[in-house]
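Inside the fold
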Amino acid sequence: MAGLKELRTRIETIKSTQKITSAMKMVAASGLRKAQGLIASSAPYRENLAAVAGNIVSEYRMIEKNGTAVNWPMLISGSGADKNYLLLVFTSDRGLCGSFNASVVKVAERRIEELRQAGKNVTVACIGRKGYSILKRQYGEIIVRSIDGIAKKGARYDESVVIANYAFDDFMMGNIDVCEAVFSEFHSAINREIVCRRLLPIAIPAAEENDSKPVLVNGAEYEYEPSKMKVLDYMLPQLFRASVFEAIVQSQASEQGARMTSMDNATRNAKDMISRLTLKYNRMRQNNITTELIEIIAGAEAL
């Protein structure tokens, strides 16, 4: 059984750990607020891009319905094949965030095996050091790129462009047919969902089609210069980059939420452990005092 000195040392050590986990919780909470702000501010841009693109696609689908062939951009039509896949796996660079990284990697591994069983060629790009360190053990031969340091001081659009351009160039050169992203979609600090979402070819939900009336977006009718197809050609890469940025922001918010929850649990566990050890220390000290008193009384009676 540990003595009083050992218990005192252990209590002080746990108190120091509690201060660290409490501070990390507050830092994670601050990061989470910033990430939530980015989600709220970036969503309208991507949603409006998708809405305008959907409006154009709807009009061209009506033209196709009337028997006129449409030469769709490659970012929508794809390469015509479905053989080579690139998976972008978004994890964190640091730990102490519970099962966040393990959950993302588990979904990525399941998706890799699904594609392999279907006879597809799979390559992986790891965004985040933790995902790479786990996946390289079993899938090192198919990892073609590893990027860390992303969103170190908050998600930035220019960082997402670097990742997006890497996948975009491979797609346009025909090296890959499909690009998918595996990341944690943020709902709340304690509610996250790991999703596997196709980014290329871009799936654009068309606006409601009506043969007799022009398609409207948010109640407005758009005119396009120089032409609808050229506008669509320009918008599609922007929409893809915005989707990659969304994955980074969602992943960062999920990471900070997971870290805040994990550090909160660690702080509460440290508090409970300190209470138990303090109670044990007081009982042991009381027993020692009682024993010493008995010895003193017995010695006095012997005299």
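What comes next is a walk through the structure. (Residues numbered from 1 in each chain as written. Predicted model: local features only at pLDDT ≥ 70, side-chain atom pairs only at ≥ 80, totals over all residues. Heavy atoms only, no water.)

**Concerning the sheet that holds strand β4 (residues 178-188)**
As summarised here, the arrangement of the five strands in space is β3-β2-β1-β4-β5, forming an open sheet in which the pairing is mixed. The open sheet has two free edges, formed respectively by β3 (143-147) and β5 (191-200), since each of these has just one partner strand. Averaged over all pairs of adjacent strands, the angle between their axes in this sheet comes to 20 degrees, without regard to strand direction. The pairing of strand β1 (residues 84-90) with β4 spans five bridges and is parallel. Paired with Leu87 across the bridge in β4 is Glu180. Helix-sheet contacts for helix α4 (residues 129-139) involve β1, β2 (121-127) and β3, and the interaxial angle to β3 is about 165 degrees. (Pairing = 2+ DSSP bridges. Helix = DSSP H or I, 4+ residues; strand = E, 2+ residues; numbered from the N terminus. Axes fitted to C-alpha atoms, helices over the stretch in contact; angles between N-to-C directions. Contact = heavy atoms within 4.5 Å.)

**So, helix α6 (residues 228-302)**
In this model, α6 (75 residues) spans 109 Å end to end at C-alpha, consistent with the 111 Å of a helix rising 1.5 Å per residue. Roughly 25 degrees is the biggest bend found in α6, and it falls at Met235, with proline Pro237 one to four residues downstream. (Expected span 1.5 Å × (residues − 1). Bend = angle between axes of the 7 residues up to and from the residue.)

**A word on the state of the cysteines**
One pass over the structure, following the stated rule, counts zero disulfides. Cys126 supplies the cysteine sulfur nearest to Cys97, a cysteine that is in no disulfide, at a spacing of 15 Å. The cysteine Cys126 is free of any disulfide, with Cys179 supplying the nearest cysteine sulfur at 13 Å. (Disulfide = S-S within 2.5 Å.)

**Some remarks on the packing of aromatic side chains**
This structure, assessed with the given rule, holds three aromatic pairs. An angle of 70 degrees between the planes, with centres 6.1 Å apart, marks the rings of Tyr60 and Trp72 as edge-to-face. Here Trp72 lies in the loop between α1 (4-65) and α2 (74-77) and Tyr60 lies in helix α1, a separation of twelve residues in the sequence. A relative accessible area of 17% means that Trp72 is categorised as buried. Considering the side-chain rings of Phe90 and Phe183, the 6.4 Å spacing of their centres and the 85 degrees angle between planes classify their relative orientation as edge-to-face. (Phe/Tyr/Trp six-rings, centres within 6.5 Å; stacked < 30°, edge-to-face > 60°. Buried < 20%, exposed > 50% of the residue type's maximum accessible area, 1.4 Å probe, protein only.)

**What about unusual backbone geometry?**
Note the cis peptide between Leu200 and Pro201, where omega equals -10 degrees. Note that Pro201 resides in the loop between β5 and α6. The backbone of Leu96 sits at a positive phi, close to 55 degrees, despite the residue not being glycine. Within the element layout of this structure, Leu96 appears in the loop between β1 and α3 (100-117).

**Considerations on α1**
Each turn of an α-helix holds 3.6 residues, which means side chains three or four residues apart point in the same direction. Between its terminal C-alpha atoms α1 stretches 85 Å, which fits the 92 Å expected from 62 residues at 1.5 Å a residue. At Ser42, α1 shows its maximal bend, which comes to roughly 30 degrees, and the proline Pro44 appears one to four places after that position. At the exit of α1 stands Gly67, carrying a positive phi of roughly 100 degrees.

**Quick notes on the pattern of salt bridges**
In the structure shown here, the tally under the stated rule is 15 salt bridges. Note that Asp264 and Lys25 form a salt bridge whose closest N and O atoms lie 2.9 Å from each other. Taken together, the positions of Asp264 in helix α6 and Lys25 in helix α1 put the pair 239 residues apart, joining distant regions of the chain. Classification of Asp264 as partly exposed rests on a relative accessible area of 23%. The salt bridge partner of Arg259 is Glu255, with a shortest N-O separation of 2.9 Å. With a gap of four residues between them, Arg259 and Glu255 both fall in helix α6, about one helical turn apart. (Salt bridge = Lys/Arg side-chain N within 4 Å of Asp/Glu carboxyl O.)

**Some points on the packing of α1 against α6**
The axes of two packed helices give the description: the angle between them and the distance between them. Close contact between α1 and α6 brings their axes to 5 Å; oriented N to C, the two are set at 160 degrees. Overall, the two elements α1 and α6 adopt an arrangement that is roughly antiparallel. In the packing of α1 onto α6, the handedness of the crossing is left-handed. The residue inventory of the contact of α1 with α6, partitioned by class, reads 37 nonpolar, 14 polar and 13 charged. (Parallel < 35°, antiparallel > 145°, perpendicular 65-115°, else oblique. Left-handed = near helix turned anticlockwise from the far one by under 90°. Nonpolar A, V, L, I, M, F, W, Y, C, P; charged D, E, K, R; others polar.)

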